[in-house]
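Per-entry structural report
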Amino acid sequence: MAEAIRIVESEGPAALTMRQLSARLGVNPNTVYWHVGNRESLLSAMVAQKAEEIAGVQLKGSTPRARVADGVHRARAAIAKSASVAILAFEIGAEHQLVRPLAVAIASEMEAAGVDGIDAGVATVSFLAVVSGFTTVEMRRPERAADGLAPDALSEGAWRGLTDFDHHDAAFHMAINAILDAVFPSG
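I will try to describe carefully the structure that is included in this document. Quick caveat: nothing in here was measured; it's all calculated off a predicted structure.

**Topic: the overall build of the chain**
Counting secondary structure elements, the chain contains 10 helices and 0 strands. The N-to-C order of helical and strand elements in the chain reads α-α-α-α-α-α-α-α-α-α. Relative to its full complement of 187 residues, the chain shows a buried share of 37%. Taking as baseline every contact in the chain between residues at least 6 positions apart, the subset at least 24 positions apart corresponds to 62%.

This is the structure in structure tokens:
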């Protein structure tokens, strides 16, 4: 499993074949098939292992809001750290599996703080949509997206905010804080 993850993280999901994995391990391809089943089973197991790593952390913070924010930021960092596995999870339709344990921890934290169950679930889905959107854009971003001058309808500052990835962290924090404010209105 570790070697399969190394292949995906260093060469991308398309590079992981059973033949490539067996060559790296110095074994016959049939040995790999015997241990992991088919490629789809291997990919699912890789996503599950990464999900366990992501979930294997204790949310930190002195308030429920801080702990929820910590979980959301950890989800973004974990996906960014394992971008190739995240892409692979999306390709096999298992992206939900990758962050489910962390999502459960975030929703549980909100419920423990008195947030209604459905509201906790909806807020968690909102957080994960923001994480997913930002990480997807960040994984595919060009070095600089701005090409040319700002359109007449925008100031130079607004154009930079839209096109300069140096501002993504600020945009991410703004989006997460808007959801946190809705969930924890007293701050």
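Once you've had a look at it, read on.
**Focus: helix α6 (residues 83-91)**
Note on helix geometry: an α-helix contains 3.6 residues per turn, so any two residues three or four positions apart are oriented the same way. All of the buried residues along α6 are Ser 84, Val 85, Ala 86, Leu 88 and Ala 89. Buried residues along α6 sit in contact with α1 (2-11), α4 (39-55), α5 (64-81) and α7 (95-112). Of the residues flanking the end of α6, it is Gly 93, one or two places downstream, whose phi is positive at about 75°.

**Some points on the packing of α1 against α6**
Contact geometry for α1 and α6: axes closest at 7 Å, N-to-C directions at 100°. Judged by the inter-axis angle, α1 sits roughly perpendicular to α6. Two secondary-structure elements touch here, α1 through Ile 5, Val 8 and Glu 9 and α6 through Ser 84, Val 85 and Leu 88.

**Notes on the packing of aromatic side chains**
Within this structure, the stated rule accounts for 1 aromatic pair. Each ring, one from Phe 134 and one from Phe 172, has its centre 5.4 Å from the other, and the planes form 80°; the classification is edge-to-face. Taken together, the positions of Phe 134 in helix α8 (residues 117-140) and Phe 172 in helix α10 (residues 168-183) put the pair 38 residues apart, joining distant regions of the chain. Side by side, Phe 134 and Phe 172 carry an identical accessibility label, which is buried.

**Focus: the side chain of Arg 76**
Along the chain, Arg 76 falls in helix α5. Of the residues examined, Arg 76 reaches a relative accessible area of 12% and is grouped as buried.

**A few points about the packing of α1 against α4**
Look at α1 against α4: their axes get within 10 Å of each other, and the N-to-C directions meet at 85°. With respect to their mutual orientation, α1 and α4 come out roughly perpendicular. Note on element contacts: α4 touches α1 through Leu 42, Met 46, Gln 49 and Lys 50, opposite Ala 4, Ile 5, Val 8 and Glu 9. Among the residues forming the contact of α1 with α4, the class breakdown is 5 nonpolar, 1 polar and 2 charged.

**Re the pattern of salt bridges**
With the rule as written, the count across this model stands at 8 salt bridges. For Glu 109, the salt bridge is made with Arg 67, and the minimal N-O distance between the two is 2.7 Å. Of this pair, Glu 109 sits in helix α7 while Arg 67 is found in helix α5, placing the two residues 42 residues apart along the sequence. By relative accessible area, which is 15% here, Glu 109 ends up buried. Notably, a salt bridge pairs Arg 74 with Asp 70, separated by 2.6 Å at the nearest N-O pair. Placement of the pair is Arg 74 and Asp 70 together in helix α5, with a separation of 4 residues, close to one helical turn. One connected set of salt bridges, linked through shared partners, spans Glu 3, Arg 6, Glu 11 and Arg 24.

Conventions we followed
Residues numbered from 1 in each chain as written. Predicted model: local features only at pLDDT ≥ 70, side-chain atom pairs only at ≥ 80, totals over all residues. Heavy atoms only, no water. Helix = DSSP H or I, 4+ residues; strand = E, 2+ residues; numbered from the N terminus. Buried < 20%, exposed > 50% of the residue type's maximum accessible area, 1.4 Å probe, protein only. Contact = heavy atoms within 4.5 Å. Axes fitted to C-alpha atoms, helices over the stretch in contact; angles between N-to-C directions. Parallel < 35°, antiparallel > 145°, perpendicular 65-115°, else oblique. Phe/Tyr/Trp six-rings, centres within 6.5 Å; stacked < 30°, edge-to-face > 60°. Nonpolar A, V, L, I, M, F, W, Y, C, P; charged D, E, K, R; others polar. Salt bridge = Lys/Arg side-chain N within 4 Å of Asp/Glu carboxyl O.

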